[in-house]
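A structural walkthrough
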Amino acid sequence: MKLARTRHATITGFNMTPMIDIVFLLLIFFMTVSQISRALDHPVDLPKAKHGGQPIESVNITINLDVDGNIFVANQPMSLEQLSIALAGELARVNQEPARLKILVRCDRSSEGRYFNELVQILETMDIRQIHVSINVEGNAK
């Protein structure tokens, strides 16, 4: 006589506890963020200024230096003296805040380093210490 073995069916299921935890954490996160955004969106009646003009934004200046050390700004040739006068005017326009001047220097790869050094010395005397230098990466000017 053959006895039948009783098989216990194993129930494989998905444990929902971690999923419920994640849902509650997301719910708490979004409730907190919505409270913070409501606090930041509160309307405030700001005071009006009696004097003053439009806020002054930053000024972008591109300085090109060719092989012979000639300086071009907006396709206009300039000497170092003319450049310093033009930069002084731009500094006056931004309330003598050199950080508001964004200067990009583009040098020809065949130019001598002394031309660039002379340009940097002029910028340094005007307290302009942040300049960007354009380079050529894989044939594209950046």
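In every chain, residue numbers begin from 1 and rise along the written sequence. Note on the predicted model: pLDDT of at least 70 is required for a residue's local features to be given, and 80 or more for side-chain atom pairs to be given and counted; whole-chain, interface and lining totals, by contrast, use all residues. Calculated side-chain values reflect all of the structure's heavy atoms, with hydrogen atoms and water omitted.

Topic: unusual backbone geometry
Backbone geometry places N95, a non-glycine residue, at a positive phi of 60°. Position of N95 relative to the elements: it lies in the loop between α2 (80-93) and β4 (101-107). Classification of residues uses two cut-offs on accessible area relative to the type maximum, computed with a 1.4 Å probe and protein chains only: under 20% is buried, over 50% is exposed, and between them is partly exposed. Among the residues examined, N95 registers a relative accessible area of 47% and is labelled partly exposed. The residue D127 is not glycine, and still its phi comes out positive at about 65°. Tracing the backbone through its elements, the reader meets D127 in the loop between α3 (113-125) and β5 (131-134). Secondary structure elements are defined from DSSP: runs of H or I of at least 4 residues count as helices, runs of E of at least 2 residues count as strands, and each element is numbered from the N terminus.

What to know about the packing of aromatic side chains
Two aromatic rings, drawn from Phe, Tyr or Trp (for Trp, its six-membered ring), form a pair once their centres lie within 6.5 Å of each other, and the interplanar angle then sorts them: stacked below 30 degrees, edge-to-face above 60, tilted otherwise. Applying the stated criterion across every chain, the model contains one aromatic pair. Ring geometry for F29 and F30: centres 5.2 Å apart, planes at 70°, overall edge-to-face. Classification of F30 by relative accessible area gives exposed; the value is 52%.

Section: the pattern of salt bridges
Between Lys or Arg on one side and Asp or Glu on the other, a salt bridge is scored when a side-chain nitrogen of the former is within 4 Å of a carboxyl oxygen of the latter. Taken as a whole, this structure holds five salt bridges when the rule is applied. Between D127 and R129 there is a salt bridge, with its nearest N and O atoms 3.3 Å apart. Here D127 falls in the partly exposed class, since its relative accessible area comes to 42%. A single network of salt bridges, built from pairs that share partners, joins E124, D127 and R129.

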